[in-house]
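Read off the chains here:
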Amino acid sequence: MAEDVERLRAYVEYFRDMGVHDFYRRGEPVFTEVVAEAAVERAAEFLSVKTEPLPVKAVPVPGPVIAAPVVVPSKSDFLEPPIAKLVSFDNLAPLPEVRVAAAEKMGALRAIQEDIGDCTRCPLAYAGRRKIVFADGDPNARLMFVGEGPGADEDTSGVPFVGKAGQLLNNMIGAMGLKREEVYIANIVKCRPPANRVPEPVEANTCSQFLLRQIDVVQPQVIVALGATAAMYLLGVKQSLVSLRGKWHGCRGAKLVVTYHPAFLLRDPRQKGEAWKDLQIVMAEMGLKGPSKG
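Residues numbered from 1 in each chain as written. Predicted model: local features only at pLDDT ≥ 70, side-chain atom pairs only at ≥ 80, totals over all residues. Heavy atoms only, no water.

Q: Before we go on, may I ask you to explain the sheet that holds strand S4 (residues 222–226) in this structure?
A: Pairing within the open sheet is mixed, and its six strands lie in the order S1-S3-S2-S4-S6-S5. Whereas interior strands pair on both sides, the edge strands pair on one side only; in this sheet they are strand S1 (136–137) and strand S5 (249–251). Where S4 meets strand S6 (residues 254–259), five bridges bridge the pair, whose relative direction is parallel. Paired with Ala225 across the two strands is Val258, which belongs to S6. (Pairing = 2+ DSSP bridges. Helix = DSSP H or I, 4+ residues; strand = E, 2+ residues; numbered from the N terminus.)

Q: Please clarify how the state of the cysteines should be interpreted in this entry.
A: A covalent bond between the sulfur atoms of two cysteines is referred to as a disulfide. According to the stated counting rule, one finds zero disulfides in the structure shown. Not part of a disulfide, Cys119 finds its nearest cysteine sulfur in Cys191, a span of 6.2 Å. Note on Cys207: no disulfide assigned, nearest cysteine sulfur contributed by Cys191 at a separation of 6.5 Å. (Disulfide = S-S within 2.5 Å.)

Q: Is there a simple way to think about the side chain of Lys105 in this case?
A: Relative to the assigned elements, Lys105 resides in helix H4 (residues 105–116). The side chain of Lys105 sits in the buried core without any salt bridge; Asp138 is the nearest counter-charge, 7.8 Å away. Those residues in contact with Lys105 that sit more than four places away from it in its chain are Val100, Pro139, Asn140, Val217, Val218 and Gln219. (Buried < 20%, exposed > 50% of the residue type's maximum accessible area, 1.4 Å probe, protein only. Lys, Arg positive; Asp, Glu negative; His and termini not counted. Salt bridge = Lys/Arg side-chain N within 4 Å of Asp/Glu carboxyl O. Contact = heavy atoms within 4.5 Å.)

Q: How should I be thinking about the pairing of strand S2 (residues 143–147) in this particular structure?
A: Here is the key point about a regular strand: its side chains alternate between the two faces of the sheet. Among the five residues that make up S2, five are buried, leaving the element largely enclosed by the rest of the structure. Of the two faces of S2, the one holding Leu143, Phe145 and Gly147 and the one holding Met144 and Val146 are both buried throughout. Where S2 meets S4, four bridges bridge the pair, whose relative direction is parallel. In the strand pairing of S4, Val146 is matched with Ala225.

Scope: geometric values only; no functional claims are made or implied.
Written out as structure tokens, the structure reads:
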């Protein structure tokens, strides 16, 4: 019995090394280049281990017996699935034919959060996350901010943008003549990547389905992509932040502006003036005026 348990545990570790992190949900296993390498190494390791063969009934075979060669799969044997490709939010799914009424948005967002549950759909679920950070703000907001992913403070509180970068974002919102409670704030991924690294494609694309649904429910007039990572996944393009700034883009029926992430502005305060130019584009579109200085 103990041997069976150890063998089962070994197989579970093997499949996790191959990128299969969720054993009770339907769907195809997800591979990235790094995961594929780990899978090949793990497969080679298993093939090289000598195990006691199961008893089989001998069957006479005429002629010499030729042992079949052992073939170790290569990275090329693992096909890249669609989930690893870069696709804009506009092309991920058609816009809903029926829009959610204002009075029903809170319940619709709650249903999405319940659907996420105690998510184990991507490797971030096994990377030490504490809380899933869903979103914060007004379900009927005209303005939505989308960041990269939760940090340590957000992972503890379960609320996006509550650390030092969040305080700066609050100041940016206030300078636009709004309060934090009047906007909607979310991230590309809802679990903290280890050491605050950039989300891997498999992680971002797995989580995109929920952010897309949130956008479709809130129906913001304008979306502000905070940083290159948010812009890349929302727009489905890998371009420099400089090339994306200063112009309008589209996302799920909303106008989208790209600006610097507050965390970057904390590291390089000289760019705050450039970020303010981006926010002024949004203010002009929405008819907002900053607080009076009188």
